[in-house]
Amino acid sequence: MFTQESLDLQNQLLNTLLLGGGFKELIKKASTVLGHDIFFTNPTQRIMVSSNTDNAFVEGTVITVTPLSPPVPGRVQIHVEDESIEALVLELSNSNKRLGFLFLANPGEDKENRLKILFHQVRSLFVLELQKQVEIEANNRQYGDAFLYDLLYGNMEEDGDIIARGKIWGWDLSLPHVVCVFELMDYESYSQDHYLIKHLLETAELVLTPLNKHYMLMDKHEEVILILPIKERRRRDKKAYLEMLINQILDKADDFLASREVRVGIGHKYDKPSELFRSYQEAKVAVKLGGLIKNKGSSIHFGELGVERILYSHDKQELQEFYLEVLSELESHDKQKNELMETLEKYLINNFDLKSTANALFLHPNSLRYRLKRIEEILDFDLEDFDVRVSLVIAFKIKHILDYKE
Amino acid sequence: MTKISTKGFLFNVERCIGCHACEVACKNENKTAPGVQWRRVTEGENGTYHSISCNHCSSPECFRVCPENAYIKRRDGIVLIDSNRCAGCNTCVQACPYHAPQFDLHQNRTTKCNYCIDRQREGLPPACVVACPSGALVNIDLKHLPLESTVPTVPGFPDIRITKPSIRFFPQKGKKRYWLKEEKSESTKNTDL
């Protein structure tokens, strides 16, 4: 049954490949012969190539796949925003790796399984072509990643060399760049977490590709590193632009990340590629300190870290000494209840405002006044003195940094 | 082209007998100055021992804090120091949670474990690994080793959150102890009845 038709289809598709046609030609031919729209997605269900460019199922779209009701083997319902169609689906995989999925839109009744049989013939050629593509990409990526690794660790010192080598991959490193690090918290290398990182990398690609920027992306353990050319001169514009991109990536990643936390650190902009490793280190510090700085969202700019940035790099022993000098008496006095330390910290957080501190602590303002007076007596400080206030703020920041480091 | 990899160590807490052979082998191989110990064996909890050297971290603090940019992180993950660039400021010595960079008083420079790169070039494992008589210390590539039974840290090991060291551990299991039971005397047996 359909043997001749099946052989003819295979021959036509093979000829297309032999004539040098890529996926686009292959999908066009298969679609014409079968009389249905065909498209294929990567393993994360982003459409890579589609025979139709008119409807919602175009390249770059991420589809949602649900089973039919009642379920039918080999058939699924696919959705993009409000549009939804029925489709035949086949997995594109070799013996050890899933490469993607192939869909045939609106198959109709398909008497005697004609479409299903012919669709299987199409599948094998797609697997062959896809495997070739994956190998080329992996090879390319390996060289590209090695270059980026050297760039991020400052292993290349000549700007001219770096710019020339970057051109091989189409990256213009003569422009100023900034490094952003997306870090998956509580990453465990021997769990499924590396799939999440791959997914995050693809999501970032999905958001950035339409912008047609010559961005650089690589994954490294728990990190996805984005190196982005940036033309915005004003700090505010640069920040707004980066926040927009990061929020888009995180919004799209939210579906698969579920409850997992991703923190983003952003380094300074550097004009010379040989100095980009500094931006990477800054972005990593921003990620680390992000856990200490509350209410700043999931993305932290190194330039906005404030005094924590200096304290973090400072000698631990000296920090400890400063902290003890300022707050040890209050801490030892407060050992049992921890009431006064908490009161003082809340008072600092609320910008030394009595009313808002009292509200935050669910206290009557007079009780708060009494506590503050006791703190002044114990520490022998005047809380109205500006220098004292600065010392106290720094002492509490040191406390958090030391707690974090230990 | 050197491929990107993550060279590191795998340490079996259970197997380490605290013989200090790794320390001696390291000293012998690298001819470090007196007082400089790139690898050290320390006592952990519950009678265990830890053999610690540079862990060639994923986010090396020494690399980050060095004002002279004397540190290099190679594609294979090994962190090296270019002692010619080192100004002897000791910033890295204080920053490293594992005390891997060691200050050499004679040369007035900092030195650290180099994962025996000369031996690596010859295809040999680091000297400390070869010297370990119980096989507690093994060199591995963390990128390609699917060891699900290993853990990222063990009690007594410094904090790993900041630098993400390239070391994995086989954790300590509960010790198996055997006692000889005293045979009950005839009189006790009678009382039991």
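Residues numbered from 1 in each chain as written. Chains lettered and ligands numbered in written order. Predicted model: local features only at pLDDT ≥ 70, side-chain atom pairs only at ≥ 80, totals over all residues. Heavy atoms only, no water.

1. Some words on the sheet that holds strand E8 (residues 137-141) of chain B
Backbone-to-backbone hydrogen bonds pair the strands of a sheet. The strands run either parallel or antiparallel.
Residues and elements named next belong to chain B.
In step 1: Strand order across the open sheet formed by three strands is E8-E1-E9, with mixed pairing between neighbours. Both edges of this open sheet fall to E8 and strand E9 (167-170), since each of them pairs with a single strand only. Taken pair by pair, the neighbouring strands of this sheet meet at an average axis angle of 25°, ignoring direction.
In step 2: As defined by bridge partners, strand E1 (residues 7-12) adjoins E9 across four bridges and the pair is classed as parallel. For Phe 11, the partnering residue across the bridge sits in E9 and is Phe 169. (Pairing = 2+ DSSP bridges. Helix = DSSP H or I, 4+ residues; strand = E, 2+ residues; numbered from the N terminus. Axes fitted to C-alpha atoms, helices over the stretch in contact; angles between N-to-C directions.)

2. Observations regarding the domain arrangement of chain A
In step 1: Annotation of chain A at the domain level lists domain 1 (3-132), domain 2 (153-305) and domain 3 (314-405).
In step 2: A separation of 36 Å is found between the C-alpha centroids of domain 2 of chain A and domain 3 of chain A. (Domains from an automatic or database assignment.)

3. Here's the deal with the pairing of strand E10 (residues 262-270) of chain A
Residue and element names in this part refer to chain A.
In step 1: Within E10, seven of the nine residues are buried, which leaves the element mostly enclosed by the surrounding structure.
In step 2: With seven bridges joining them, strand E7 (residues 177-184) and E10 adopt antiparallel strand pairing. Within E10, the position partnered with Phe 182 by the bridge is Val 264. (Buried < 20%, exposed > 50% of the residue type's maximum accessible area, 1.4 Å probe, protein only.)

4. Considering empty space enclosed by the protein
All names here are of chain B.
In step 1: The full count for this structure, using the stated rule, is four cavities of 30 Å³ or more.
In step 2: There is about 100 Å³ of room inside the largest cavity.
In step 3: Lining of the largest cavity is provided by 15 residues; of these, Cys 16, Cys 19, Cys 22, Cys 132 and Pro 133 occupy positions nearest its centre.
In step 4: For the lining of the largest cavity, the residue count by class is 11 nonpolar, four polar and no charged. (1 Å grid on protein atoms, 1.4 Å probe; cavity = no way out; pocket = protein on both sides within 12 Å on 5 of 7 lines; lining within 4 Å. Points joined across faces, edges and corners; volume = space filled by probe spheres on them. Nonpolar A, V, L, I, M, F, W, Y, C, P; charged D, E, K, R; others polar.)

5. As for the state of the cysteines
Defined simply, a disulfide is a covalent bond joining two cysteines at their sulfur atoms.
Residues and elements named next belong to chain B.
In step 1: Under the definition given, this model contains zero disulfides over all chains.
In step 2: Take Cys 66: it sits in no disulfide, and the sulfur closest to it among the cysteines is that of Cys 89, at 6.1 Å.
In step 3: Summary of cysteine pairing: Cys 96 is not part of a disulfide, and the nearest cysteine sulfur, belonging to Cys 62, is at 6.2 Å.
In step 4: Residue Cys 96 is classed as buried on the basis of its relative accessible area, which comes to 9%. (Disulfide = S-S within 2.5 Å.)

6. Observations concerning the packing of aromatic side chains
The geometry of an aromatic ring pair comes down to the distance between the two centres and the angle between the two planes.
In step 1: Considering all chains together, one arrives at 16 aromatic pairs over all chains under this definition.
In step 2: Seen from their ring centres, Tyr153(A) and Phe63(B) are 5.4 Å apart, and the 75° between their planes marks the pair as edge-to-face. One end of the pair, Tyr153(A), is in the loop between helix H3 (114-152) and helix H4 (159-167); the other, Phe63(B), is in helix H2 (residues 61-65), on a second chain. Of the two residues examined, Tyr153(A) and Phe63(B), each falls in the buried class.
In step 3: Ring pairing ties together the aromatic residues Tyr149(A), Tyr153(A), Phe277(A), Tyr280(A) and Phe63(B), which thus form one cluster. (Phe/Tyr/Trp six-rings, centres within 6.5 Å; stacked < 30°, edge-to-face > 60°.)

7. Description of the sheet that holds E7(A)
All names here are of chain A.
In step 1: Strands sit in the order E8-E9-E7-E10-E11 across an open sheet of five strands; the sheet is mixed. Edge positions in the sheet fall to strand E8 (216-220) and strand E11 (299-301), since each has one partner strand and no second. Taking each pair of neighbouring strands and ignoring which way they run, the sheet shows an average axis angle of 20°.
In step 2: Sheet topology places E8 next to strand E9 (residues 223-229); five bridges connect them, and they run antiparallel. Across the sheet, residue Leu 217 finds its bridge partner in E9, namely Leu 226.

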